[in-house]
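# Structural characterization, general
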Amino acid sequence: MDLSRIAASRTWRLAIGFVLVMVAGVPVVAVSASAAESLTVAGALAAQDGRSAPVTGYVVGQPTATDTVLRSGFTGDTAIAIADSAAETATARMLYVQVSAPYRGTFGLRSNPGLRGRSVTVTGTLTAYFAHGGSKDPTAMSLGGSTPAPTPSHTPTPSHTPTAGPTATPPAGDYDRTYYASAIGKTGTALRTALHDVIRVQTRLSYDRAWEALKDTDQDPANPGNVILLYSGRSQSKNSNGGDPDDWNREHVWAKSHGDFGTTTGPGTDVHHLRPEDVSVNAARGNKDFDNGGSPVAEAPGSLSDGDSFEPRDAVKGDVARMILYMAIRYEGGDGWPNLEPNQSVDNGSAPYIGKLSVLLQWNQADPPDAFEKRRNQVIYDEWQGNRNPFVDHPEWATAIWGN
C-alpha cells in the first residue's frame with residue numbers, strides 16, 4: 001500500500017464506531033478513536049437500550065426517588081446523579097448511576113460529600129434506575145475521564161440480575177472487615193449502638209417503589225417470574241400484585257400500626273421487613289404480635305393464629321424473628337421515627353412494640369438463615385437500600401444483645 005497517498009484519501013465515519021478510509025481507491029476499515037470515547041449525560045439518557053458504555057458527567061447529588069435528588073444531607077452511598085453541568089437542577093437532565101459495593105468507599109456521597117461538583121466517568125449498563133434514565137451494574141468508575149478497574153477491599157459480588165438460582169452471599173468475614181468493622185468484638189449495648197450506626201445509612205424507597213423491590217428480593221429461585229409468599233409459601237406471579245383476594249400485597253412484618261409509622265418513606269417502606277403475601281393471609285395476620293399457638297390459617301399451611309398472636313410456618317420463623325430484630329436496631333427514635341422495641345407482650349396495640357421477644361429469639365436459633373434469606377439480604381444491599389440485616393449475617397448477635 002502506498003501510504004504517501006493517504007493525504008489525498010477520503011474518509012467516512014460509520015455509525016458503528018469505525019472509519020472507512022479510501023486509500024488509492026481501496027476502502028480500508030480502521031477503528032475510530034471516538035468509539036471508546038465517553039457519552040455525554042444527554043447521550044446516555046437518549047440511549048437507555050441496555051448497552052454497556054462509559055458516560056462522563058458532573059456529580060450533582062444523590063437520587064432517592066424518580067424525581068428526587070438530594071443536594072446535601074446525603075443518606076446513602078448506593079447511588080449518584082450526574083449531569084452535563086455541575087449546576088444542573090432539573091432531574092430530567094440527570095443520569096441516575098448505581099454505585100455498587102466495590103465503589104461505595106470512593107463514590108458514595110454520604111462517605112464522600114465533597115464528590116458533588118466533580119467530574120466522574122462511569123461504565124455501566126444504560127438502563128432505567130429508580131424508574132429514571134440510568135446506568136447500572138458499573139464495571140468501572142473513576143474521577144475525570146479515565147476508567148481504571150476498581151481495587152475493592154473484598155472480592156466484588158457479581159452484579160445482581162434475575163436468575164433461576166440463588167445468588168451466593170460472600171463470606172461474612174468479608175463484611176466483618178469492612179461493613180461491620182466497628183461492631184466486631186462487642187456485645188450488649190455497645191454492639192447495639194455500633195450496629196445501629198452502620199445500618200441506618202441507607203437509600204430510602206417510596207412505598208410504590210417497594211413493589212418493584214419485592215419482585216426482585218423475593219424472587220422464586222425455581223421460577224424467576226414468580227415471588228415466594230412469606231407465610232403461605234406459595235409461588236405466585238410477580239405481576240399478580242394488587243388488592244384482590246388472591247393477589248399478593250406488601251406485608252409489614254413489623255406491623256405499621258405498632259408505632260403508627262404508616263407507609264411514608266421510612267420504616268413503613270423499609271424492604272428489610274416488607275414481604276410479599278397473599279391478600280387474605282395478610283389480613284388474617286393483621287397487626288397481631290408473634291407467639292406460638294392458635295388455629296390453622298387458610299391459604300397459609302403451617303401457620304397458626306389466635307385472637308392476639310400469629311405463628312408463621314416453621315420454614316420462615318427465623319426470617320420473621322430477624323426482620324423484627326433488624327427493625328429494633330435500625331429505628332432507635334433518633335431520626336424522627338418511633339423507637340421500635342420487641343417485648344414480652346402480645347397486646348401492644350399502637351405502641352411501638354412487638355412481642356414476644358423470648359419466642360422470637362427461640363425462632364432465630366431454631367431456623368437459621370437459608371440461601372433464600374441470605375440472597376435477599378444481599379440483593380437489598382446491592383440493589384435497593386445499601387444496608388444489611390446484621391442478624392442474617394450474624395444470627396448469634398441476637399443473643400449477644402438480648403440474651404437467651
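To start, this report covers the structure provided alongside it. The model shown is predicted, which means the values in this text are computed figures rather than measured ones. (Residues numbered from 1 in each chain as written. Predicted model: local features only at pLDDT ≥ 70, side-chain atom pairs only at ≥ 80, totals over all residues. Heavy atoms only, no water.)

### Re the pattern of salt bridges
Inspection of the entire model under this criterion finds 17 salt bridges. Residue R376 is joined to D218 by a salt bridge in which the shortest nitrogen-to-oxygen separation is 2.7 Å. Of this pair, R376 sits in helix 9 (residues 371-384) while D218 is found in the loop between helix 5 (207-217) and strand 10 (219-220), placing the two residues 158 residues apart along the sequence. With relative accessibility at 4%, the residue R376 sits in the buried group. Residues participating in the shared-partner salt-bridge network are R192, E332 and E341. (Salt bridge = Lys/Arg side-chain N within 4 Å of Asp/Glu carboxyl O. Helix = DSSP H or I, 4+ residues; strand = E, 2+ residues; numbered from the N terminus. Buried < 20%, exposed > 50% of the residue type's maximum accessible area, 1.4 Å probe, protein only.)

### As for the packing of aromatic side chains
As enumerated under the stated definition, the model contains 10 aromatic pairs in all. Look at W211 and W248: their rings are 5.4 Å apart centre to centre, the planes differ by 70°, and that puts the pair in the edge-to-face class. In this pair, W211 is assigned in helix 5 and W248 in strand 13 (residues 248-252), connecting sequence segments 37 residues apart. Assessed through its relative accessible area of 16%, W211 is described here as buried. Following the ring pairs from residue to residue traces out a cluster consisting of Y175, Y179, Y180, Y381 and W397. (Phe/Tyr/Trp six-rings, centres within 6.5 Å; stacked < 30°, edge-to-face > 60°.)

### Observations regarding the sheet that holds strand 16 (residues 295-297)
What the 4 strands build is an open sheet, ordered 15-18-17-16; its pairing is mixed. With one partner strand each, in any of the chains shown, strand 15 (289-290) and strand 16 form the two edges of the open sheet. Relative to strand 17 (residues 300-305), strand 16 runs antiparallel, the two sharing 3 bridges. Bridging across to strand 17, V297 finds its partner in A300. (Pairing = 2+ DSSP bridges.)

### With respect to helix 7 (residues 317-330)
Compared with an ideal rise of 1.5 Å per residue, which puts 14 residues at 20 Å, helix 7 spans 20 Å between its outermost C-alpha atoms and is within 8% of the ideal. For helix 7, the tally of buried residues reaches 14 of 14 residues, placing the bulk of the element in the interior. (Expected span 1.5 Å × (residues − 1).)

### With respect to the nonpolar core
Considering soluble globular proteins, one finds that nonpolar side chains tend to be buried as a cluster. By size, the foremost hydrophobic cluster in this structure holds 45 residues, and its most contacted members are L195, Y231, V253, F290, V320, F391 and W402. Residue assignment for this core shows that the elements contributing at least two residues are helix 4 (188-199), helix 7, helix 8 (357-366) and helix 11 (396-402). Broken down by element, this core gets its largest block of residues, 9 residues, from helix 7. For W402, the residues in contact, after removing those within four places along its chain, are R192, L325, A328, I329, P342, L357, L361 and F391. (Core = buried A, V, L, I, M, F, W, Y, C linked by side-chain atoms within 4.5 Å. Contact = heavy atoms within 4.5 Å.)

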